Amino acid sequence: MAIESMRETERFLFHQSLFRFLVGLAGITTLIASQAKQDHDFTLVALILAIFLYILISHFICGALNKTNKLNVIRTLASLDAFLLGGLVVLINLNLFPSLLFILILQFNALINGGAKRLIPDNAAFGLGLIVFSLIQQPQWHLTIDLPTSIAPLIALGLYICTYGLSSFNQNNSLLEKQKETEKQLVQMKLRNYHLSKYLSPTLRVAILSGKDVKLETNRKKLTIFFSDIKGFSELAEEMEADALTSLLNNYLTEMSDIALKYGGTIDKFIGDAIMVFFGDPTSQGTKEDCLAAVSMAIAMKKHMKELQQRWINQGILKPLEIRMGINTGFCTVGNFGTENRLDYTLLGTEVNLASRLESAAEPGEILISHETYSLVKDLIMCLDRGEIPLKGYQLPVRAYSAIDMRKNLGKDQTYFEHLTNGFSIYMDLDRVRNYDKDKIMDSLIDAANRLKSKDI
């Protein structure tokens, strides 16, 4: 805003200086032409010198101004220019055509330097100049058109309009170039933001872009915290090549992250194959809804893991990989931790540690939840009581539950089936089976059943 104000001031100064210079020269020429037949040589010379001195002095004054009072002085000089122009019209005896030309130049100058707001002070100063100079020198009216006295103001008006047009053209070109540069910078900024967004959770990114202040600040909130890791991943890492392991891990983290974002979770961090997600900040749907979303996310991850296992088997990874998950709900300290130059948006507290310990204590393929979480979701999630289990770092055992599935998916109308035994496994999610795959699946099941019947055990 300050830069734009300075540019407006410079444009105002340029136009007003141009107006003063052209009108001054035109006024001198018109005075000479209008008083050529009169015996006022000394007076005429004095007027010409006064006009020249005024132009020079005002030019030096504007050049020596500082930024603070520059605009006010330019406005004062503009009013003085209008006042002196009124006096000039009187000195040329109100000669009709040149007077009208000078008035027209004044209106044009006022409009381009401030619009209708500038018309009032300039015309008031012009009228005051007419009155004051008329009292000093009684004008002799000339209502006829005198061509010699009209040429100079006509040329001045033409030059002023042409100069303004050229200035506007250059200004428009400059604005177009700046617009192109701004658009280029905007594209580059969007690209940089896209790259930076890869390091932030979408919910956090949206909060920052919406204007949320980023500073060292924390809050106490009731959140639901989720931890997961892959059982046996360390052993697998020793057997696989680095490139293949990286591809497998990135694919796993990508698909699990998509599920977390689908349920509105805030992805805190990845620690190798481990994932930490929390619900309730920076946005919350309510404690119960956040807790239900977290458990629903874990169930979706557990089911999706079956698809990933099949893909990995097709890639030659025969050892089945399972994820362990732990969920807890409680009050945590959440916000920005670190320094003024490097912040980390995360959460701290014993409830976070409990979620991590539950994940470590879970069996492969199990979702282990705390009693606090269970109490919030038990009406919608089928859970098995695991009793009180010992956890590392806790002196007393902790009551835990194993989340099985959504209650609506259980019973005779359930859409999810899973069975695993030595030499046989089946996983089926009817909600995700496409109609044109049904016949293929039926054929596969019938073929498997026939083979099992014909097998001599």
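The structure displayed is predicted, hence computed values, not measured ones.

Considering the overall build of the chain
For the chain, the count of helices and strands is 13 helices and ten strands. Counting across all 457 residues of the chain, residues that qualify as buried make up 39%. Contacts spanning at least 24 positions in sequence make up 70% of the contacts within the chain whose residues lie at least 6 apart. Of the accessible surface of the chain, which amounts to about 27200 Å², a share of 60% is contributed by carbon and sulfur atoms.

A word on the packing of aromatic side chains
Within this structure, the stated rule accounts for three aromatic pairs. Consider the rings of F108 and Y160, whose centres lie 5.7 Å apart with planes at 85 degrees: the pair is edge-to-face. In this pair, F108 sits in helix α4 (residues 96-112) while Y160 sits in helix α6 (residues 147-197), placing the two residues 52 residues apart along the sequence. The exposure class of F108 is partly exposed, given its relative accessible area of 24%. Between Y374 and Y401, the aromatic rings sit 3.8 Å apart at their centres with planes inclined by 5 degrees, giving stacked as the arrangement. You can see Y374 sitting in helix α12 (residues 371-377) and its partner Y401 sitting in strand β8 (residues 398-406), a full 27 residues away along the chain. Like Y374, the residue Y401 is buried in the burial classification.

A word on the pattern of salt bridges
This model, assessed by the stated rule, comprises 15 salt bridges. Look at the salt bridges and you will find they share partners, linking D229, R324 and E359 into a network.

Details of unusual backbone geometry
Look at the link from D281 to P282: it is a cis peptide, with omega at 5 degrees. Locating P282 in the fold gives a position in the loop between β3 (274-279) and α10 (287-314).

A closer look at the nonpolar core
With 44 residues, the main nonpolar core has Y252, M301 and I369 as its most contacted residues. Element by element, the count of residues in this core is highest for α10, at twelve residues. Excluding residues that lie within four positions of it along the chain, Y252 makes contacts with S228, I230, D273, I275, M305, L308, W312 and I323.

Regarding the pairing of strand β2 (residues 266-271)
It is a general feature of regular strands that their side chains alternate between the two faces of the sheet. One ladder, built from five bridges, connects β2 with β3; its direction is antiparallel. Bridged to T266 within β3 is F278. Remark: two residues form the turn of the hairpin made by β2 and β3, two consecutive strands paired antiparallel; G272 in that turn has positive phi of roughly 65 degrees.

Focus: the packing of helix α9 (residues 242-262) against α10
Helices that pack against each other are described as a pair by the angle of their axes relative to one another and the distance between those axes. Between α9 and α10, the least distance of the axes is 10 Å, while the angle of their chain directions is 150 degrees. By the angle between their directions, the pair α9 and α10 is classed as roughly antiparallel. As α9 packs across α10, the resulting crossing turns out to be right-handed. Touching L248, N251, Y252, E255, M256, I259 and A260 of α9 are M297, A300, M301, H304, M305, L308, R311 and W312, all from α10. Here the residues of the contact of α9 with α10 sort into eleven nonpolar, two polar and two charged.

Some details on the state of the cysteines
In protein structure, a disulfide is the covalent linkage between the sulfur atoms of two cysteines. Within this structure, the stated rule accounts for zero disulfides. The thiol of C291 is unpaired, and the distance to the nearest cysteine sulfur, on C383, comes to 9.4 Å.

Let's talk about the packing of α4 against helix α5 (residues 116-136)
At a minimum axis distance of 8 Å, the contact between α4 and α5 shows a crossing angle of 145 degrees. Seen along the crossing, α4 lies across α5 with a hand that is right-handed. Where α4 approaches α5, its residues I103, L106, Q107, N109, A110 and L111 are matched on the opposing element by A116, R118, L119, D122, N123 and F126.

Topic: a nonpolar patch on the surface
Side chains of F21, L25 and F52 sit close together on the surface and give an oily, nonpolar patch of about 260 Å² of accessible area. Within the secondary structure, L25 is located in helix α1 (residues 2-34).

Some points on the side chain of R118
With respect to the helices and strands, R118 occurs in helix α5. Among the polar contacts listed, one links the side chain of R118 to the side chain of S79, at a separation of 3.2 Å.

What about the environment of F126?
With respect to the helices and strands, F126 occurs in helix α5. You can call F126 buried: its relative accessible area is 6%. Those residues in contact with F126, other than ones at most four positions away along the chain, are A82, F83, L85, G86, V89, I103 and L106.

Notes on α10
Look at α10: 41 Å from first C-alpha to last across 28 residues, which is about the 40 Å you get at 1.5 Å a residue. Just past α10, the residue G316 takes up positive phi, approximately 100 degrees.

Here is what the cut-offs are and how they apply
- Residues numbered from 1 in each chain as written.
- Predicted model: local features only at pLDDT ≥ 70, side-chain atom pairs only at ≥ 80, totals over all residues.
- Heavy atoms only, no water.
- Helix = DSSP H or I, 4+ residues; strand = E, 2+ residues; numbered from the N terminus.
- Buried < 20%, exposed > 50% of the residue type's maximum accessible area, 1.4 Å probe, protein only.
- Contact = heavy atoms within 4.5 Å.
- Areas by Shrake-Rupley, 256 points an atom, 1.4 Å probe, with all protein chains shown as cover.
- Phe/Tyr/Trp six-rings, centres within 6.5 Å; stacked < 30°, edge-to-face > 60°.
- Salt bridge = Lys/Arg side-chain N within 4 Å of Asp/Glu carboxyl O.
- Core = buried A, V, L, I, M, F, W, Y, C linked by side-chain atoms within 4.5 Å.
- Pairing = 2+ DSSP bridges.
- Axes fitted to C-alpha atoms, helices over the stretch in contact; angles between N-to-C directions.
- Parallel < 35°, antiparallel > 145°, perpendicular 65-115°, else oblique.
- Left-handed = near helix turned anticlockwise from the far one by under 90°.
- Nonpolar A, V, L, I, M, F, W, Y, C, P; charged D, E, K, R; others polar.
- Disulfide = S-S within 2.5 Å.
- Patch = residues over 30% accessible without salt bridge, like charges linked within 9 Å, V, L, I, M, F, W, Y side chains within 5 Å.
- Polar contact = N/O pair within 3.5 Å; in protein donor to acceptor, adjacent residues only side chain to side chain.
- Expected span 1.5 Å × (residues − 1).

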